[in-house]
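Topology and contacts: notes
Single-letter residue listing:
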Amino acid sequence: MTLMNLRLLVARAEVMALVKTALFSVVLVALAPPLVAQPIEKKGTTPYVTHFIFRPLMSIDIADLGTATTLEAVGTTQNMKGEKMLDKMSARCTALNVSSGEKKYIDGACVLADSDGDQIFSTFDTRDLDKSQPQMDCGTHIITGGTGKYKGISGREPFACIKMPALAGAGGYFAMDIPHNTTWEIK
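Residues numbered from 1 in each chain as written. Predicted model: local features only at pLDDT ≥ 70, side-chain atom pairs only at ≥ 80, totals over all residues. Heavy atoms only, no water.

Applying the stated criterion across every chain yields a total of one cavity of 30 Å³ or more. The volume enclosed by the largest cavity comes to roughly 60 Å³. Lining the largest cavity, in full, are Tyr48, Thr50, Phe52, Ala91, Cys93, Cys110, Leu112, Ser122, His141, Glu157 and His180. Mapped onto the lining of the largest cavity, the elements with two or more residues apiece are strand 1 (43–62), strand 3 (90–100) and strand 4 (103–113). Examining the composition of the lining of the largest cavity, we find that three residues originate from one element, strand 1, more than from any other. By residue class, the composition of the lining of the largest cavity is six nonpolar, four polar and one charged. (1 Å grid on protein atoms, 1.4 Å probe; cavity = no way out; pocket = protein on both sides within 12 Å on 5 of 7 lines; lining within 4 Å. Points joined across faces, edges and corners; volume = space filled by probe spheres on them. Helix = DSSP H or I, 4+ residues; strand = E, 2+ residues; numbered from the N terminus. Nonpolar A, V, L, I, M, F, W, Y, C, P; charged D, E, K, R; others polar.)

In this section: the environment of Glu185. With respect to the helices, strands and loops of the structure, Glu185 is situated in strand 9 (residues 174–186). Residue Glu185 is classed as partly exposed on the basis of its relative accessible area, which comes to 30%. Sequence-wise, Glu185 and Ile143 are 42 residues apart; in three dimensions their C-alpha atoms are separated by 9.6 Å. Other than its neighbours up to four places away in sequence, Glu185 contacts Lys42, Lys43, Gly152, Ile153 and Ser154. (Buried < 20%, exposed > 50% of the residue type's maximum accessible area, 1.4 Å probe, protein only. Contact = heavy atoms within 4.5 Å.)

Here it is in C-alpha coordinates:
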(Lines give C-alpha, C1' and ligand atoms only; values in the text may rest on other atoms or scores of the structure.)
Protein backbone atom coordinates (compact mmCIF):
# COMPACT_ATOMS: atom_id res chain seq x y z
CA MET A 1 0.00 0.00 0.00
CA THR A 2 1.36 3.34 -0.97
CA LEU A 3 1.53 6.43 1.16
CA MET A 4 -1.08 8.07 -1.09
CA ASN A 5 -3.54 5.20 -0.62
CA LEU A 6 -2.98 5.28 3.14
CA ARG A 7 -3.75 9.01 3.24
CA LEU A 8 -6.94 8.44 1.23
CA LEU A 9 -8.07 5.72 3.65
CA VAL A 10 -7.41 7.97 6.66
CA ALA A 11 -9.23 10.90 5.03
CA ARG A 12 -12.17 8.62 4.14
CA ALA A 13 -12.30 7.33 7.76
CA GLU A 14 -12.28 10.89 9.10
CA VAL A 15 -15.12 11.88 6.75
CA MET A 16 -17.14 8.81 7.80
CA ALA A 17 -16.60 9.63 11.48
CA LEU A 18 -17.78 13.19 10.84
CA VAL A 19 -20.86 11.93 8.94
CA LYS A 20 -21.69 9.47 11.77
CA THR A 21 -21.36 12.26 14.37
CA ALA A 22 -23.62 14.55 12.33
CA LEU A 23 -26.25 11.81 11.87
CA PHE A 24 -26.13 10.96 15.58
CA SER A 25 -26.64 14.66 16.42
CA VAL A 26 -29.65 14.85 14.07
CA VAL A 27 -31.19 11.78 15.73
CA LEU A 28 -30.66 13.25 19.22
CA VAL A 29 -32.29 16.54 18.22
CA ALA A 30 -35.19 14.70 16.58
CA LEU A 31 -35.82 12.55 19.66
CA ALA A 32 -35.33 15.30 22.27
CA PRO A 33 -38.47 16.82 23.77
CA PRO A 34 -39.24 20.23 22.31
CA LEU A 35 -38.07 23.25 24.30
CA VAL A 36 -41.27 25.22 23.91
CA ALA A 37 -41.82 28.04 26.36
CA GLN A 38 -44.62 27.17 28.74
CA PRO A 39 -47.43 29.64 28.03
CA ILE A 40 -48.56 31.85 30.89
CA GLU A 41 -52.16 31.38 31.86
CA LYS A 42 -54.35 34.47 31.65
CA LYS A 43 -55.58 34.25 35.26
CA GLY A 44 -55.21 32.17 38.35
CA THR A 45 -54.51 31.88 42.04
CA THR A 46 -50.91 31.23 43.00
CA PRO A 47 -49.42 30.64 46.45
CA TYR A 48 -45.76 31.60 46.65
CA VAL A 49 -43.15 32.63 49.22
CA THR A 50 -40.53 35.35 48.85
CA HIS A 51 -37.37 34.75 50.89
CA PHE A 52 -36.27 38.30 51.76
CA ILE A 53 -33.23 39.99 53.27
CA PHE A 54 -34.07 43.51 54.50
CA ARG A 55 -31.47 46.28 54.71
CA PRO A 56 -32.14 49.55 56.55
CA LEU A 57 -31.15 52.51 54.36
CA MET A 58 -31.96 55.59 56.43
CA SER A 59 -33.75 56.31 59.68
CA ILE A 60 -35.30 59.20 61.55
CA ASP A 61 -35.59 58.41 65.26
CA ILE A 62 -37.04 60.95 67.70
CA ALA A 63 -37.17 59.58 71.26
CA ASP A 64 -40.73 59.23 72.61
CA LEU A 65 -42.21 60.48 69.29
CA GLY A 66 -41.48 57.91 66.63
CA THR A 67 -39.26 56.42 63.99
CA ALA A 68 -39.36 56.19 60.23
CA THR A 69 -36.95 53.87 58.44
CA THR A 70 -36.54 53.27 54.73
CA LEU A 71 -35.77 49.66 53.85
CA GLU A 72 -34.55 47.80 50.81
CA ALA A 73 -35.54 44.14 50.52
CA VAL A 74 -34.11 41.64 48.05
CA GLY A 75 -34.85 37.97 47.61
CA THR A 76 -36.21 35.19 45.45
CA THR A 77 -39.65 33.63 45.00
CA GLN A 78 -40.77 30.02 45.30
CA ASN A 79 -44.11 28.81 43.90
CA MET A 80 -45.62 26.53 46.56
CA LYS A 81 -47.41 24.33 43.97
CA GLY A 82 -44.29 23.83 41.84
CA GLU A 83 -45.78 25.81 38.96
CA LYS A 84 -43.90 28.27 36.76
CA MET A 85 -45.97 31.37 37.63
CA LEU A 86 -44.23 33.50 40.27
CA ASP A 87 -41.46 30.89 40.73
CA LYS A 88 -37.72 31.54 40.80
CA MET A 89 -38.15 35.27 40.25
CA SER A 90 -35.86 37.90 41.74
CA ALA A 91 -37.60 40.35 44.06
CA ARG A 92 -36.62 43.87 45.04
CA CYS A 93 -38.66 46.21 47.21
CA THR A 94 -38.40 49.64 48.75
CA ALA A 95 -40.40 50.30 51.91
CA LEU A 96 -41.10 52.88 54.60
CA ASN A 97 -41.46 51.49 58.13
CA VAL A 98 -43.28 53.97 60.43
CA SER A 99 -43.81 53.64 64.16
CA SER A 100 -45.30 56.66 65.96
CA GLY A 101 -47.72 56.30 68.84
CA GLU A 102 -50.57 54.09 67.65
CA LYS A 103 -49.39 54.23 64.04
CA LYS A 104 -47.30 51.22 63.05
CA TYR A 105 -47.15 50.25 59.40
CA ILE A 106 -44.94 49.45 56.43
CA ASP A 107 -45.82 50.69 52.93
CA GLY A 108 -43.81 50.18 49.78
CA ALA A 109 -43.45 48.87 46.27
CA CYS A 110 -41.84 45.79 44.72
CA VAL A 111 -40.70 44.49 41.37
CA LEU A 112 -40.36 40.82 40.50
CA ALA A 113 -38.25 39.82 37.48
CA ASP A 114 -38.10 36.43 35.78
CA SER A 115 -35.17 34.87 33.92
CA ASP A 116 -36.39 36.47 30.64
CA GLY A 117 -36.22 39.94 32.23
CA ASP A 118 -40.02 40.36 32.24
CA GLN A 119 -41.27 42.19 35.36
CA ILE A 120 -44.29 42.51 37.65
CA PHE A 121 -44.77 45.70 39.71
CA SER A 122 -46.81 45.94 42.91
CA THR A 123 -47.42 48.23 45.85
CA PHE A 124 -48.11 47.03 49.39
CA ASP A 125 -49.69 48.26 52.60
CA THR A 126 -49.56 46.43 55.95
CA ARG A 127 -52.82 48.13 57.03
CA ASP A 128 -54.76 46.55 54.12
CA LEU A 129 -55.72 43.12 55.52
CA ASP A 130 -57.90 40.59 53.69
CA LYS A 131 -60.39 39.45 56.35
CA SER A 132 -61.35 36.41 54.22
CA GLN A 133 -57.77 35.06 54.59
CA PRO A 134 -56.95 35.45 58.31
CA GLN A 135 -53.68 33.48 57.94
CA MET A 136 -52.43 36.25 55.58
CA ASP A 137 -52.29 38.73 58.45
CA CYS A 138 -49.47 41.08 57.48
CA GLY A 139 -50.87 43.13 54.56
CA THR A 140 -51.74 43.11 50.86
CA HIS A 141 -49.82 43.72 47.66
CA ILE A 142 -51.73 45.28 44.76
CA ILE A 143 -50.29 44.21 41.39
CA THR A 144 -50.38 47.31 39.20
CA GLY A 145 -48.80 46.04 35.97
CA GLY A 146 -46.02 44.24 34.20
CA THR A 147 -43.79 44.00 31.16
CA GLY A 148 -43.31 41.36 28.48
CA LYS A 149 -45.45 38.29 29.12
CA TYR A 150 -46.92 40.03 32.20
CA LYS A 151 -48.12 43.13 30.33
CA GLY A 152 -51.67 43.91 31.48
CA ILE A 153 -51.40 41.95 34.75
CA SER A 154 -53.36 43.04 37.82
CA GLY A 155 -54.25 41.38 41.07
CA ARG A 156 -54.19 41.19 44.84
CA GLU A 157 -51.70 39.40 47.06
CA PRO A 158 -52.60 39.10 50.74
CA PHE A 159 -49.42 38.14 52.60
CA ALA A 160 -48.08 36.97 55.94
CA CYS A 161 -44.75 37.81 57.60
CA ILE A 162 -42.58 35.06 59.08
CA LYS A 163 -39.52 36.34 60.95
CA MET A 164 -36.36 34.35 60.38
CA PRO A 165 -33.40 33.94 62.77
CA ALA A 166 -31.23 37.02 63.29
CA LEU A 167 -28.57 37.57 60.65
CA ALA A 168 -24.92 37.69 61.65
CA GLY A 169 -22.99 40.93 61.47
CA ALA A 170 -23.69 44.61 61.88
CA GLY A 171 -25.92 46.90 59.86
CA GLY A 172 -29.37 46.01 61.16
CA TYR A 173 -30.12 43.52 58.34
CA PHE A 174 -32.94 41.03 58.99
CA ALA A 175 -34.63 38.20 57.12
CA MET A 176 -38.28 37.27 56.59
CA ASP A 177 -40.22 34.77 54.56
CA ILE A 178 -43.29 36.41 53.05
CA PRO A 179 -45.96 33.89 51.92
CA HIS A 180 -48.43 35.34 49.40
CA ASN A 181 -51.76 34.04 48.15
CA THR A 182 -52.03 35.79 44.80
CA THR A 183 -55.11 36.14 42.62
CA TRP A 184 -54.07 37.63 39.28
CA GLU A 185 -55.32 38.26 35.75
CA ILE A 186 -53.62 39.34 32.52
CA LYS A 187 -55.86 41.30 30.15
